[in-house]
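Below, each chain spelled out in residue letters.
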Amino acid sequence: MKIIIAKNYEEASKQAAEIVLEVVKKKPDATLGLATGTTPLKLYEELCEDYQKNQTSWKDIKSYNLDEYVGLAPDHPQSYHKFMNDHLFSHIDIKDENTHVPSGLGDPEDVCDKYNKMLEENPRDLQILGIGSNGHIGFNEPGTDFDSVTHLMPLKESTILDNAHLFFNDDIDAVPKASITMGIKNIMDAKEILVMAFGTRKQKVVKKLIDGEITNEYPVTILNKHPNVTLIVDEEAGALIK
Ligand code: PGA
């Protein structure tokens, strides 16, 4: 694993944007796996800024997002569909029909089967990942099988608490209790993985990842088995790395 410790969130996000843009420029019809949450926000800002300045084209890029909350419609203010539209898709020339986020509505089994089929037919050239403070990747919570594919995932209390700040009035009760997420196998199928973690809240989980013991109590540790991973942290999240 290649490890980059950047000074802060801004610098880290600039370096992450360089990695993404290298793929987009080298392979204009690449397939990307995308993430939501606070971690990639600045990265997406950088990508939008690049589009404004340099018009790097995304018109043949395809994207598959990691996850979505069960029960939220695509236009719900906290849905990951809306997050992606607001923070990236509406600012670049990616085609609507080339972007994919699992549906929060409909029969979950059916949604998972269809999404998984699309993932199998469209291998990701680059997967972008954040890390939950409990070690989750996508919404694959601690205990998830490493060979899991797209599935319905009840959320742990720690994830609901972590994400409540994104909901109106920090309302824990408003946070959906389940998600549809790519499985760990789907994530590991990507040719290249860019994983990011920022802030003191992520110190412990970054250390678990670096220590190298692979355990599904910290799903992110499976990345130690992938041949092409770049980890970008800021100095706070990387404080326990020797
Ligand atoms: P965060 O979440 O970016 O909001 O910290 C990361 C994650 O849950 O993957």
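Scroll up a little and you will see the structure.
Everything numeric here is computed off the predicted structure, so don't read it as measured data.

Draft legend 1. Structural view of the packing of aromatic side chains. Enumeration according to the criterion identifies 6 aromatic pairs in this entry. Considering the side-chain rings of Y64 and Y115, the 6.2 Å spacing of their centres and the 65 degrees angle between planes classify their relative orientation as edge-to-face. In this pair, Y64 sits in strand 3 (residues 62-65) while Y115 sits in helix 4 (residues 108-121), placing the two residues 51 residues apart along the sequence. Of the residues examined, Y64 reaches a relative accessible area of 2% and is grouped as buried. Among the residues examined, Y115 registers a relative accessible area of 3% and is labelled buried. Here the aromatic residues Y69, Y80, F139 and F167 are joined through ring pairs into a cluster of three or more.

Draft legend 2. How the structure looks around the sheet that holds strand 4 (residues 67-69). The strand order across the open sheet built from 3 strands is 4-8-7, with neighbouring strands paired in antiparallel fashion. Only two strands of the sheet have a single neighbouring strand rather than two, namely strand 4 and strand 7 (151-154). Strand-to-strand twist across the sheet, computed as the mean angle between neighbouring axes with direction ignored, equals 25 degrees. In the sheet, strand 4 pairs with strand 8 (residues 178-181) via 3 bridges, with the strands oriented antiparallel. Considered in strand 8, the bridge of Y69 is made with S179.

Draft legend 3. Expanded view of a nonpolar patch on the surface. Together, M1, I3 and I5 make up a nonpolar patch on the protein surface, roughly 250 Å² of accessible area in all. Note that I3 resides in strand 1 (residues 2-6).

Draft legend 4. Summary view of the site of the ligand. Within the structure, the ligand sits among G37, T38, T39, G130, I131, G132, H136, R201 and K202. A distance of 2.6 Å separates an oxygen atom of the ligand from a polar side-chain atom of H136. Within the side chain of R201, a nitrogen or oxygen atom sits 3.1 Å from an oxygen atom of the ligand. Considered on its own, the ligand offers 280 Å² of accessible surface; in the complex 87% of this is hidden by protein.

Draft legend 5. View of the pairing of strand 8. Here strand 8 shows no split at all, with A178 and I180 on one side and S179 and T181 on the other all buried. In this structure, strand 7 lies alongside strand 8, joined through 4 bridges in antiparallel fashion. Its bridge partner lying in strand 8, L152 is registered against I180.

Draft legend 6. Region of interest: the nonpolar core. The biggest cluster of nonpolar side chains holds 68 residues, and the ones touching the most others in it are V20, L32 and L223. In terms of residue count, the dominant contributor to this core is helix 1 (residues 9-26) (8 residues). If we ignore the near neighbours within four places in the chain, the residues touching V20 are L32, L43, L47, W58, L126, I128 and L194.

Draft legend 7. A look at unusual backbone geometry. Even without being glycine, Q55 reaches a positive phi, approximately 50 degrees. Summarising the element assignment, Q55 is placed in the loop between helix 2 (41-54) and strand 3. For Q55, a relative accessible area of 52% translates into the label exposed. One non-glycine residue, N169, lies in positive phi territory at about 60 degrees. Relative to the helices and strands, N169 is located in the loop between helix 5 (157-163) and strand 8. Judged by its relative accessible area of 65%, N169 is exposed.

Draft legend 8. Examining the pattern of salt bridges more closely. According to the stated counting rule, one finds 14 salt bridges in the structure shown. Between K27 and D125 there is a salt bridge; the shortest N-O distance is 2.9 Å. Remark: D125 occurs in the loop between helix 4 and strand 6 (126-129) and K27 occurs in the loop between helix 1 and strand 2 (31-34); sequence separation between them is 98 residues. For E121, the salt bridge identified is with K117, shortest N-O distance 3.1 Å. You can see E121 and its partner K117 sitting in helix 4, 4 residues apart, about one turn around the helix. Relative accessible area serves as the criterion here: at 52%, E121 is assigned to the exposed category. Taken together, the salt bridges that share partners define one network made up of K27, D125 and K191.

Analysis parameters
Residues numbered from 1 in each chain as written. Predicted model: local features only at pLDDT ≥ 70, side-chain atom pairs only at ≥ 80, totals over all residues. Heavy atoms only, no water. Phe/Tyr/Trp six-rings, centres within 6.5 Å; stacked < 30°, edge-to-face > 60°. Helix = DSSP H or I, 4+ residues; strand = E, 2+ residues; numbered from the N terminus. Buried < 20%, exposed > 50% of the residue type's maximum accessible area, 1.4 Å probe, protein only. Pairing = 2+ DSSP bridges. Axes fitted to C-alpha atoms, helices over the stretch in contact; angles between N-to-C directions. Patch = residues over 30% accessible without salt bridge, like charges linked within 9 Å, V, L, I, M, F, W, Y side chains within 5 Å. Areas by Shrake-Rupley, 256 points an atom, 1.4 Å probe, with all protein chains shown as cover. Salt bridge = Lys/Arg side-chain N within 4 Å of Asp/Glu carboxyl O. Near = heavy atom within 4 Å. Polar contact = N/O pair within 3.5 Å; in protein donor to acceptor, adjacent residues only side chain to side chain. Core = buried A, V, L, I, M, F, W, Y, C linked by side-chain atoms within 4.5 Å. Contact = heavy atoms within 4.5 Å.

Note that all results are geometric; they support no functional claim without further evidence.
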